[in-house]
Every structure is written in C-alpha cells, then in structure tokens.
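These are the residues of each chain, in order.
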Amino acid sequence: GALRLADGDIVSLDNLHRQTLFTERDAAEGTPKVTAAAARLAALNGEVRLRVVAERITRDNIAGFVQDADLVLDATDSTPTRFLINDYCVRHSLPWIYTGVAGTGGLILPVLPQEGPCLRCLYPEPPAEDDTATCALHGILPTTVMLAVSLQITQALRILNRTVIPGSLIRL
C-alpha cells in the first residue's frame with residue numbers, strides 16, 4: 001500500500017524511450033523524476049501512499065529512507081549506490097532486489113540476507129565505474145528494461161509471498 005521513491009535526477013528526453021512513467025512535457029519542464037513518477041503512479045492507483053525524496057540515496061540518508069520498508073527495489077545506474085544498498089540491507093536483514101540493465105543485457109538478483117548470496121558475495125570489491133556497462137557508454141534497449149523490470153517485480157512478489165529462491169541470479 002505504500003511506495004517510497006528516491007532519485008536526484010530530472011526527466012530528460014533521452015529517458016523517454018525506456019522510462020514509461022515520464023512524458024515529453026516532464027522533460028521540457030525539467031521535472032524531477034520522483035515528482036513525475038509519483039504523479040503518474042497516483043493517477044494509476046490513488047490508494048497507494050507515495051513518499052518522494054528528490055535526492056540520491058547516500059550513506060547519510062539511506063537509513064531514513066528505507067526505515068520500516070518491507071523490501072527495497074534497485075533501479076539505480078550507480079555501482080557505488082548499489083553496493084551501499086546491498087551493504088545496508090544485508091546489515092539490517094532487509095530483502096532487496098538488484099536490477100541492472102545496459103545495452104541489451106541485464107541482471108536481476110533477489111537478495112534475502114541470511115538465506116542466500118548478496119551482491120557483494122558475488123562481487124567482493126565493486127568494479128571501477130569505468131569497468132561497468134552503463135547506459136551512457138553502451139546505450140540501452142528499451143525492451144530489455146521492460147523485461148528486467150517485469151522480472152524484478154515478479155521476484156518482489158515472490159519475496160513477499162515467500163516463494164522466491166534465494167540466490168537465483170537471472171541474466172538477460
């Protein structure tokens with residue numbers, strides 16, 4: 001019944017082919033992504049309580065943002081932020097789902113602390129930013145994003161109904 005959204009970015013035209021919550025008007029007006037996403041989600045389902053934080057998740061604000069959450073969904077494009085989410089969630093036994101897409105591929109990993117491996121279990125040291133695939137360097141196929149998000153939401157539902165298989169890395 002509740003979603004929290006965090007992003008410090010604004011909508012731009014180059015987001016529209018892969019981020020379907022946004023419009024050309026959002027891009028033209030420089031609307032914060034969380035504001036545009038919350039407006040669209042509220043229009044789709046007015047009963048969902050939405051909390052938006054128009055800033056990036058950092059070491060200083062992650063605790064306040066995820067406090068009392070049942071599950072964290074990763075939609076970041078930042079390796080350091082992903083490892084920050086991983087480390088916080090593992091330390092606090094909070095399930096989360098790593099999802100990353102670049103080019104025509106992607107990875108989805110449901111992380112259930114103390115039940116299966118986490119992101120740092122697979123990659124003990126975060127790769128350097130220059131060593132990771134990114135949208136800026138490799139582009140992004142919009143259908144890959146849609147597939148990854150569909151699988152991420154499926155894994156979220158499986159976590160909530162306790163049918164997920166811990167450590168099931170899905171590779172697109």
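Structure's up top.
Now for a quick tour of the structure. What you see as residue numbers is a count from 1 along each chain, following the sequence as written. At least 70 in pLDDT is required for a residue's local features to be given in this predicted model, at least 80 for side-chain atom pairs to be given and counted, and no such filter applies to totals for whole chains, interfaces and linings, which use all residues. Excluding hydrogens and water, the side-chain values take into account all heavy atoms of the structure.

1. Here's the deal with the pattern of salt bridges
Formally: The salt bridge definition used is simple: a Lys or Arg side-chain nitrogen within 4 Å of an Asp or Glu carboxyl oxygen. Counting from the N terminus, the helices are the DSSP runs of H or I reaching at least four residues and the strands are the DSSP runs of E reaching at least two. For the exposure calls, accessible area comes from a 1.4 Å probe over protein chains only, and a residue counts as buried if that area is under 20% of its type's maximum, exposed if over 50%, partly exposed in between.
Scanning the model with the defined rule gives four salt bridges in all. A salt bridge links Asp9 to Lys33, with the shortest nitrogen-to-oxygen separation between them at 3.3 Å. Here Asp9 is found in the loop between β1 (2-6) and α1 (24-29), whereas its partner Lys33 is found in helix α2 (residues 33-44), with 24 residues between them in sequence. The exposure class of Asp9 is partly exposed, given its relative accessible area of 30%. For the salt bridge of Glu29 with Arg25, the shortest nitrogen-to-oxygen distance reads 2.9 Å. Of this pair, Glu29 and Arg25 both sit in helix α1, four residues apart, which is roughly one turn of the helix.

2. Let's talk about the nonpolar core
Put simply, the test is: We define a nonpolar core as any set of buried Ala, Val, Leu, Ile, Met, Phe, Trp, Tyr and Cys residues linked to one another through side-chain atoms lying within 4.5 Å. The contact criterion used is simple: two residues touch if any of their non-hydrogen atoms lie within 4.5 Å.
If you look at the biggest cluster of nonpolar residues, it comprises 19 residues, and the most contacted ones within it are Ile62, Val66, Val72, Ile85, Cys89, Trp96 and Tyr98. Here this core gets five residues from one element, more than from any other, and that element is helix α4 (residues 79-91). Once residues lying within four places of it in the same chain are set aside, the contact partners of Val72 are Val66, Ile85, Cys89, Leu94, Pro95, Trp96 and Ile97. Membership of the second largest hydrophobic core comes to eleven residues, among which are Val101, Ile140, Val145 and Ile159.

3. Observations concerning the sheet that holds strand β5 (residues 105-111)
The following threshold applies: Note: two strands are recorded as paired if DSSP finds a minimum of 2 bridges between them.
Across the sheet, four strands lie side by side as β3-β4-β5-β6; this open sheet has mixed pairing. Of all strands in the sheet, those bounded by a partner on one side alone are β3 (72-73) and β6 (170-171). Where β5 lies against β6, two bridges are found, and the strand directions are antiparallel. Within β6, the residue paired with Ile108 across the bridge is Ile170.

4. Observations concerning helix α7 (residues 142-160)
As a reminder of what qualifies: How far a helix is expected to stretch is found by multiplying one less than its residue total by 1.5 Å. In this context, the arc is that of the directions from the helix axis out to the C-beta atoms.
Under the 1.5 Å per step criterion, the end-to-end length of α7 is 27 Å for 19 residues, consistent within 8% with the ideal 27 Å. The set of residues buried in α7 consists of Thr144, Val145, Ala148, Gln152, Gln155, Ala156 and Ile159. All buried residues of α7 project into a common sector of 110 degrees when viewed along the axis, lining one side. Seen from the open side of α7, the exposed residues pointing more than 90 degrees away from its buried face are Thr143 and Leu157. Buried residues belonging to α7 abut β3, β4 (96-102), β5 and β6.

5. So, the pairing of β4
Heads up, the condition is: Handedness of a crossover is defined as follows: with both strands directed away from the viewer, a clockwise route from the first strand across the helix to the second makes it right-handed.
Most of β4 is tucked away: seven of the seven residues are buried. Neither face of β4 is exposed, since Trp96, Tyr98, Gly100 and Ala102 on one face and Ile97, Thr99 and Val101 on the opposite face are all buried. Direction of pairing for β3 relative to β4: parallel, over a ladder of two bridges. The residue of β4 that forms the bridge with Val72 is Trp96. The parallel pair β3 and β4 is bridged by α4, and the resulting crossover is right-handed. Sheet analysis places β4 next to β5, joined by seven bridges and oriented antiparallel. The partner of Ile97 across the bridge, within β5, is Pro110. Once β4 ends, the chain turns through two residues before running back antiparallel as β5, passing Gly103 with a positive phi of about 60 degrees.

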